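The chain contents come next:
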Amino acid sequence: MNLDGLVLLRGWINHIEWTELDSQLPEAGASSRKRIKDLRRQLVMKARFYGKPEHVEL
C-alpha cells in the first residue's frame, strides 16, 4: 500500500467527509469511494492469504 492509500484509509476510518477525501487524491478523475473499496478488498485478500480470518472482518 502506498502513502496515498494509507491517507485515504485513515481518513475513512476517522469519518472525514468524502469531499475532503476526494481532494486528497492526486488524480483528478478518481473517486475516493472506489479507491477505498479497492483498498479494503486488497486488505481482505491479504488477510486471507496470511491466514488471519479475524482481520477479514475488520
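The rules behind these values
Residues numbered from 1 in each chain as written. Predicted model: local features only at pLDDT ≥ 70, side-chain atom pairs only at ≥ 80, totals over all residues. Heavy atoms only, no water. Helix = DSSP H or I, 4+ residues; strand = E, 2+ residues; numbered from the N terminus. Buried < 20%, exposed > 50% of the residue type's maximum accessible area, 1.4 Å probe, protein only. Salt bridge = Lys/Arg side-chain N within 4 Å of Asp/Glu carboxyl O. Patch = residues over 30% accessible without salt bridge, like charges linked within 9 Å, V, L, I, M, F, W, Y side chains within 5 Å. Areas by Shrake-Rupley, 256 points an atom, 1.4 Å probe, with all protein chains shown as cover. pLDDT = per-residue confidence, 0-100. Core = buried A, V, L, I, M, F, W, Y, C linked by side-chain atoms within 4.5 Å. Contact = heavy atoms within 4.5 Å.

**Focus: the overall build of the protein**
Stage number 1. Tallying secondary structure elements over the protein gives 4 helices and 0 strands in all.
Stage number 2. For the protein, the sequential pattern of α-helices and β-strands runs α-α-α-α.
Stage number 3. For the protein, the C-alpha atoms occupy an extent of roughly 35 × 20 × 15 Å along the three principal directions.
Stage number 4. Sorting the 58 residues of the protein into buried and exposed places 17% on the buried side.

**Description of the pattern of salt bridges**
Stage number 1. Under the counting rule described, the total for this entry stands at 2 salt bridges.
Stage number 2. Across the pair D38 and K34 runs a salt bridge, and its minimum N-O distance is 3.0 Å. Residue D38 and its partner K34 are both found in helix α3 (residues 32–49); the two are separated by 4 residues, about one turn of the helix.
Stage number 3. Among the salt bridges present, the one from R41 reaches D38, with a minimum N-O distance of 3.4 Å.

**Here's the deal with a nonpolar patch on the surface**
Stage number 1. Taken together, the side chains of M1, L3, L6, V7 and L43 make up a nonpolar region of the molecular surface, amounting to roughly 470 Å² of accessible area.
Stage number 2. Here the nonpolar patch takes 3 residues from helix α1 (residues 3–13), the largest share from any one element.
Stage number 3. Examined against the element boundaries, L3 turns out to sit in helix α1.

**What to know about the confidence of the model for the protein**
Stage number 1. Taken as a whole, the protein shows an average pLDDT of 86; of its residues, 95% reach a score of 70 or greater.
Stage number 2. The lowest-confidence element of the protein is helix α4 (residues 53–56), averaging 84 in pLDDT; the highest-confidence one is α3, averaging 91.

**A short note on unusual backbone geometry**
Stage number 1. Here the phi dihedral of H15 falls at roughly 60°; this positive angle occurs in a residue that is not glycine.
Stage number 2. Here H15 shows up in the loop between α1 and α2 (18–24).

**Considering the nonpolar core**
Stage number 1. Counting residues in each nonpolar core, the largest one holds 6 residues, listed as L8, L9, L21, L25, I36 and L39.
Stage number 2. Those elements giving two or more residues to this core turn out to be α1 and α3.
Stage number 3. Once you skip the residues sitting within four places of it in the chain, L21 turns out to touch L8, G11, W12, I16, S32 and I36.

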